[in-house]
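For reference, the chains in residue letters:
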Amino acid sequence: MERLIESTSSGLYCAAGDFFIDPWRPVARALITHAHSDHARPGHAAYLTAAPGAPLVRERVGATVESIPYGERRRIGDAWVSFHPAGHMRGASQIRVEVRGRVSVVTGDFKRDADPTADLYEPLRCDELIMESTFALPIYQWPPVASVMDDLHAWWRENQEASRTSVLLTYAVGKAQRLLAMLNPEIGPILYHGAVERFVELYRAAGVALAPARKAQAEDAKALRGRALLIAPPSAQNTPWLRKWAPYSIGFASGWMRVRGARRRRGADRGFVISDHADWPALLQTIEESGAEWIGLTHGYGDALARYLREQGRNADVLRTEFAGEDHEMKSEMPDASEPP
Ligand SMILES: [Zn+2]
Ligand SMILES: [Zn+2]
């Protein structure tokens, strides 16, 4: 059947408007959902993204990026397009495409939990829903964010009593800034790895309130070790840069921490289940509220969710894409993280 948006070798394509959404090969016109590297790639001739995400996408692609406010409709060819908050990170969008009364929504990456650094996810109705399914297994259900932050702060205090540095490993773009917006700076000094710095600056420049924190310098280790909380990308683990902060405890903040084996494989002392993606109940709620007659799945556990949806009598398919998911984003994000910040 003819869909408004189809999966092609270059990316998700809308023929009626002759544009792509988050394409992975160079194209003439790219609509970008958010600034993560598997969605915002360099090399396209023209970019359009939601206004709050424009400086972040610009940083990522190194090109001129046109922006549009959330909710504003724009005609492209025979399609009307608009961007709506996806809640995943600052500026992240769902893209709504309407052609002759028929509506398709591409969620990009999304979450429905509150996040002080991002606009709250907006439920949208549509005929065709193209949705991420990174955590589409029933085991992935997120605890309340406030209780996870309580655990994290308690861990930081315990470490201080034992004179250990608290090393919080997490994805450097989006998640690190979200954590900075929620951490309590009264407990002690907060520092971060160089890989986190540029996007902290961009968030601050946009007026997002973050806890006082700065990039860790070589001399900080001696003065602040045992008291500080240090935010770093996963690739900083087992580097000389990190060893200067010993003794330390390693905490890992990710949705993958919901599964015990993931924490062990990461070599973390503590796992904090905090994700920028929708969990299993939120994915099902989104499908239900959309009213979509067809669901196309990208990322992660698409096969499992497609099977489940078909058993429920729904029409669902897995789309072949080159989006990587949170785990891969974390690895590909930090090519420079083994070097000194
Ligand atoms: Zn993402
Ligand atoms: Zn993604």
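Fair warning: this is a prediction, and the values are worked out from it, not measured in the lab.

S.K.: I would appreciate a short explanation of empty space enclosed by the protein in the present structure.
M.R.: Summary: where empty space remains is shown by rolling a probe the size of a single water molecule over the atoms. By the definition in use, this model includes three cavities of 30 Å³ or more. In this structure, the largest cavity occupies an estimated 60 Å³ of space. Considering the residues around the largest cavity, the lining is formed by 14 residues, among which Leu12, Val106, Gly108, Thr298 and Phe323 are closest to the centre. Counting residues per element, the lining of the largest cavity draws most heavily on strand S11 (residues 128-132), at three residues. For the lining of the largest cavity, the residue count by class is six nonpolar, six polar and two charged.

S.K.: For this particular structure, what's the right way to read the side chain of His277?
M.R.: If you trace the backbone, His277 turns up in the loop between strand S17 (270-272) and helix H8 (280-290). Looking at His277, its side chain comes within polar contact range of the side chain of Glu132, at 2.8 Å. Within the structure, His277 has its side chain in polar contact with the side chain of Thr134 (distance 3.4 Å).

S.K.: Mind showing me how you'd approach the coordination of the zinc ion (ligand 1) here?
M.R.: Four donors placed tetrahedrally around a metal ideally meet at 109.5 degrees, and six donors placed octahedrally ideally meet at 90 or 180 degrees. Within the protein, His34 (NE2), His36 (ND1), His88 (NE2) and Asp109 (OD) serve as the donor atoms for the zinc ion (ligand 1), at 2.2 to 2.3 Å. Coordination geometry of the zinc ion (ligand 1): the four donor atoms subtend angles of 86 to 168 degrees at the metal centre, consistent with an arrangement described as irregular. Sequence spacing of the donors to the zinc ion (ligand 1): H-x1-H-x51-H-x20-D. Here the zinc ion (ligand 1) and the zinc ion (ligand 2) are spaced 3.7 Å apart, and both take Asp109 as a donor. Note that His36 is positioned in the loop between strand S4 (30-31) and strand S5 (47-50) and Asp109 in the loop between strand S10 (102-106) and S11, a separation of 73 residues in sequence. The exposure class of His36 is buried, given its relative accessible area of 1%. The class for Asp109 is buried, based on a relative accessible area of 0%.

S.K.: In this structure, what is going on with the sheet that holds strand S9 (residues 93-99)? I would like to understand it.
M.R.: Backbone-to-backbone hydrogen bonds join strands into a sheet, with any given pair of strands oriented parallel or antiparallel. Strand order in the open sheet made by the seven strands is S7-S8-S9-S10-S11-S18-S19, with mixed pairing throughout. Either end of the sheet is taken by a strand with one partner, and the two such strands are strand S7 (74-76) and strand S19 (316-318). Each strand of the sheet is rotated relative to its neighbour by a mean of 20 degrees, with strand direction disregarded. Taken together, the three bridges between S7 and strand S8 (residues 79-85) define a ladder with antiparallel strand orientation. Paired with Arg74 across the strands is Val81, a residue of S8. Set on the sheet, H8 makes contact with S11 and strand S18 (294-298); between it and S11 the angle comes to about 165 degrees.

What counts as what
- Residues numbered from 1 in each chain as written.
- Chains lettered and ligands numbered in written order.
- Predicted model: local features only at pLDDT ≥ 70, side-chain atom pairs only at ≥ 80, totals over all residues.
- Heavy atoms only, no water.
- 1 Å grid on protein atoms, 1.4 Å probe; cavity = no way out; pocket = protein on both sides within 12 Å on 5 of 7 lines; lining within 4 Å.
- Points joined across faces, edges and corners; volume = space filled by probe spheres on them.
- Helix = DSSP H or I, 4+ residues; strand = E, 2+ residues; numbered from the N terminus.
- Nonpolar A, V, L, I, M, F, W, Y, C, P; charged D, E, K, R; others polar.
- Polar contact = N/O pair within 3.5 Å; in protein donor to acceptor, adjacent residues only side chain to side chain.
- Donors = N, O, S within 2.8 Å, 3.2 Å for Na, K, Ca; no water.
- Tetrahedral: all angles 85-135°; square planar, octahedral: opposite > 155°, others 65-115°.
- Buried < 20%, exposed > 50% of the residue type's maximum accessible area, 1.4 Å probe, protein only.
- Pairing = 2+ DSSP bridges.
- Axes fitted to C-alpha atoms, helices over the stretch in contact; angles between N-to-C directions.
- Contact = heavy atoms within 4.5 Å.

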